[in-house]
Structures are given as C-alpha cells and as structure tokens.
Amino acid sequence: MTEPKCPYFGECGGCSAQHIPYELQLENKKKALIQAIKYNDVQVFSGPEYEYRNRMDFIFHPGGVGLRKKGRWDQIIDIDTCAISNGRINQLLSEVQKFFRGVDYFDIHKKSGAFRYAVIRTTTHDAAITFTLNDESSKLQAAIEQIKAFAKQSTATHVLIAYVPPQTDESTSQEYFAVKGSEMLCETLLGKTFYYSAQGFFQNNTLMAEKMLEYTQGLLKKYETKGAHLLDLYGGVGTFGIVNAELFKEVTIVESVPSCIEAANKNIQENHVSNAKALVLDAVQIKRLDLPTPLFTITDPPRTGMHPRTIEELNKFAPEVMIYISCNIQQLAKELPKFKRYTVKSAAMFDLFPQTPHVEAIVELTKNKD
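Residues numbered from 1 in each chain as written. Predicted model: local features only at pLDDT ≥ 70, side-chain atom pairs only at ≥ 80, totals over all residues. Heavy atoms only, no water.

> What is the right way to look at the packing of helix H2 (residues 87-99) against helix H3 (residues 140-153) in this model?
Orientation of H2 relative to H3, taken along the N-to-C sense of each, is 135°, at an axis distance of 11 Å. On the basis of the axis angle, H2 is oblique to H3. The element H2 and its partner H3 pack so that their crossing is right-handed. Taken together, the residues of H3 that come into contact with H2 (itself represented by Glu95, Val96 and Phe99) are Gln146, Ala149, Phe150 and Gln153. Taken together, the residues that form the contact of H2 with H3 break down as four nonpolar, two polar and one charged. (Axes fitted to C-alpha atoms, helices over the stretch in contact; angles between N-to-C directions. Helix = DSSP H or I, 4+ residues; strand = E, 2+ residues; numbered from the N terminus. Parallel < 35°, antiparallel > 145°, perpendicular 65-115°, else oblique. Left-handed = near helix turned anticlockwise from the far one by under 90°. Contact = heavy atoms within 4.5 Å. Nonpolar A, V, L, I, M, F, W, Y, C, P; charged D, E, K, R; others polar.)

Shown next as structure tokens:
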C-alpha cells in the first residue's frame, strides 16, 4: 500500500489505484496483457505517475465544477485540483471554479439547466475550454453571455461553446462555436505538427503518445518498406500515417469522422507530406479501397474493437505486417485469434493512464509463410 496523492481518492470516481505502488500497477498491467494475448515477452513503457493528463471533463454542479462521486453517476464532488491532470489544466480549473459559482447547472434527473460540462484541453502550445450547454435551456443566452465575459479574462487560448440535447450525456458536440480563439489545438509529436479539433479525439497523455509513435516507427524501420503501401486504419488526424510516411511509397489514412479527416489533410499539408492521402470512410467499408502490395497496416480501433467485416477484409488484403494498437486488451484478446495467418512477433505495453486499470498495447503481427 502507498499513500494516495489526491485528497479526493476514494470519494472521486476517477482514479482507482492510487493506493497501489506504481511499480506494482505496471506489473499488474503487464501480467494482464500477457494473459490476454498469450505472449510473454512484453516491453513496458511508462512516464510520470501524476500530472500527465492533457484533457479533463469537469461537470457543473451547485458548487461550481467537479467529478462524479465513486459509485454514484448522479452525484458530483467539488474538485479544486486533480492530481493526474497537468499543471495547466489545474490552473484553468481554478479560473473556472472562481468565475462560475452558483450557475444554472444541468440537473441530470430533471433534464433542465444550462451548464453541463467544462472540457479543458491543453497542449505544449496552447489550451482550450469548451463549455457544453443544454441546447433546450430557457437560460441559454444568459449562459452564453457569462461565458463571453469569462473568456475576456481567462488565460485559455481558446474558449468554445458547444450544444448537446438534454437526453444525451455527451461532453463534446459537432454543434459549437468559438467565442475566443478557434476550435483547433496544435501539438508537436516527434517533430511533426498536428492540429486537431477541441471537439475531437486526441491522446490524453502527450508524452506517452509520443513514445507510442516512436516505438511504432522503430518496428516499421526493421522492414523493407520503400516500395510498400501503408494503411493507417482508424487514423484519426493522421498521426501514425504522417510520422511514418517517409518510410513508405504511399500512405492511406482512413477515418470515419469527417472533422478528423479535415484535420488530417491540414496536417499532411503542414508537414509537407507528398505521399499521403486521408479519406472519410468507415472501417467496415475498406473493401472499397484499391490498395497495392506489398501492404503494411496500422490499426488503432476504439475500445469496441474492429467490426467482424473489417477483420474479414484485412485478412483478404493480407498485409505483410499488421501493427494492432489497442486501448482494450480484453477486446484485443478476442480479435487476435481471428487473424489465423498471422503470428505475434512482438508486444509492448504503454501506460497512458497511471492510477487507473487502463492501458494501451501495441502488438506486431507478421504473416506466416505459406
């Protein structure tokens, strides 16, 4: 047992492992991955135990903003600082707490009230706060005016307002506008510039995301790829495809979210990548793609994993090497056996989420010789 750093530990529903020494946390996660994929030689990569998160979704309640109480989805505890969030997030959290006391918060039972979430995101370069509002609130205009007043004095680079319906519990939306700055955040990874929407997905641990990119590039550099094609599946804003583009003849980035592909195309231009293209396409429809051989694939699906049809089509494409990046090792364990023509060549664990049970894995799969 070790002393939790956070004063809210045990009451807040966020972290669940602060009482466990960090080295033991890593060992437990490694054992879980070994058991899941039946492969023993797992490399372990880790970073800071605390102050690593670059995004937090705080919930409005009568006292300001906070996080859900452990075991009670409908109760919020007031938070002054978050031990796993970086210093910039905690600075902006303090600004929000001081300004928005006693606001018209959203009552999750009554489905009424204007203010729902304050989503704070930070990068090496800038920071954004998105205020997510109930789009059916009768006090919407008053809430907007409050946010505009806050934006004038906040140190956040970007301040946005997003709308969500009262029946859903979403902290981001495609219905939004900026009252300060813009919607786009910028981060640098391995010397490359990546823009992404404050309403979109980006890894919540910047240091470890960079380690994952570096490790994946190291895997690919072992192969002869100059005449090959890379498929970056579930490619988001194009990080893996763009970082590895110089190793390949061509790169195709596939993502189903249009705003991510808009960002990916911007990132292709910003990084002067001439051999990559980004397409809006659901992964279940990859059979529409005309992919030349030899083919290499990076697949980075959501927690739900890959659709059976996607797995079927990947098996038909028969890439020389597949790199499966997973944030859900239980789902990874279910899907690896479906690639019957492939063998696990290497595996690594990246602890993007210290003090929690979650972990990222990267598995290198090579095609068996006929």
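The rest of the description comes next.
> Got a minute to help me understand the pattern of salt bridges in this structure?
One side chain can pair with another of opposite charge once the charged atoms of both are near each other. Applying the stated criterion across every chain yields a total of 12 salt bridges. Here Asp78 ties to Arg101 by a salt bridge, and the two come within 3.4 Å at their closest N and O atoms. Taken together, the positions of Asp78 in strand S4 (residues 72-78) and Arg101 in the loop between H2 and strand S5 (115-122) put the pair 23 residues apart, joining distant regions of the chain. With a closest N to O distance of 3.3 Å, Glu320 and Lys367 form a salt bridge. Taken together, the positions of Glu320 in the loop between helix H7 (308-317) and strand S15 (321-326) and Lys367 in strand S17 (residues 360-367) put the pair 47 residues apart, joining distant regions of the chain. (Salt bridge = Lys/Arg side-chain N within 4 Å of Asp/Glu carboxyl O.)

> Before we go on, may I ask you to explain the sheet that holds strand S8 (residues 176-180) in this structure?
Read from one edge of the open sheet, seven strands run S4-S3-S2-S5-S6-S7-S8, paired in mixed fashion. Of all the strands in the sheet, just S4 and S8 have a single pairing partner and so form its edges. Neighbour-to-neighbour, the strand axes of the sheet open up by a mean angle of 35°, direction not taken into account. In the sheet, strand S7 (residues 158-164) pairs with S8 via four bridges, with the strands oriented antiparallel. Counted as the bridge partner of Val159 is Lys180 from S8. (Pairing = 2+ DSSP bridges.)

> What is the right way to look at the packing of aromatic side chains in this model?
The relation between two aromatic rings is expressed through the spacing of the ring centres and the mutual angle of the planes. Taken as a whole, this structure holds 17 aromatic pairs when the rule is applied. An angle of 40° between the planes, with centres 6.2 Å apart, marks the rings of Tyr163 and Phe177 as tilted. Within this pair, whereas Tyr163 is found in strand S7, its partner Phe177 is found in strand S8, the two being separated by 14 residues in sequence. Looking at Phe177, the relative accessible area reads 29%, which means it is partly exposed. An aromatic cluster is built from Phe60, Phe99, Phe100, Phe115, Phe131 and Phe150, whose rings are joined through pairwise contacts. The side chain of Arg116 reaches across the aromatic face of Phe106, ending 3.9 Å from its centre. (Phe/Tyr/Trp six-rings, centres within 6.5 Å; stacked < 30°, edge-to-face > 60°. Buried < 20%, exposed > 50% of the residue type's maximum accessible area, 1.4 Å probe, protein only. Lys NZ or Arg CZ within 6 Å of the ring centre and 35° of its normal.)

> Got a minute to help me understand the sheet that holds S17 in this structure?
Two pairing modes exist for strands in a sheet, parallel and antiparallel, and in both the strands are linked by backbone hydrogen bonds. One open sheet holds the eight strands; their spatial order is S1-S16-S17-S15-S14-S11-S12-S13, and the pairing between them is mixed. Whereas interior strands pair on both sides, the edge strands pair on one side only; in this sheet they are strand S1 (42-45) and strand S13 (276-280). Each adjacent strand pair in this sheet contributes to an overall mean axis angle of 15°, direction not counted. Note that strand S11 (residues 229-233) and strand S12 (residues 250-255) share five bridges and pair parallel.

> Would you mind going over helix H4 (residues 206-220) with me for this structure?
Along an α-helix, a turn takes 3.6 residues, which lines up residues three or four apart on a common side. End to end, H4 covers 21 Å across 15 residues, agreeing with the expected 21 Å (1.5 Å per residue, within 8%). Listing the buried residues of H4 in full gives Met208, Ala209, Met212, Leu213, Tyr215, Thr216, Gln217, Leu219 and Leu220. (Expected span 1.5 Å × (residues − 1).)

> Sorry, what's going on with the state of the cysteines here?
Disulfides are covalent bonds that connect the sulfur atoms of two cysteines. Counted under the stated rule, the structure contains zero disulfides. This cysteine, Cys82, is not joined by any disulfide, and Cys15 carries the nearest cysteine sulfur, 6.2 Å off. Cys260 forms no disulfide, and the closest cysteine sulfur to it belongs to Cys327, at a distance of 14 Å. Judged by its relative accessible area of 8%, Cys260 is buried. (Disulfide = S-S within 2.5 Å.)

> Help me out: how do you make sense of the environment of Ala128 in this one?
The topology assignment puts Ala128 in strand S6 (residues 127-134). What makes Ala128 buried here is its relative accessible area of 1%. Residues Ala128 and Ala156, 28 residues apart in the sequence, show an inter-C-alpha distance of 5.7 Å.

These results come straight from atomic positions and should not be treated as a statement about function.
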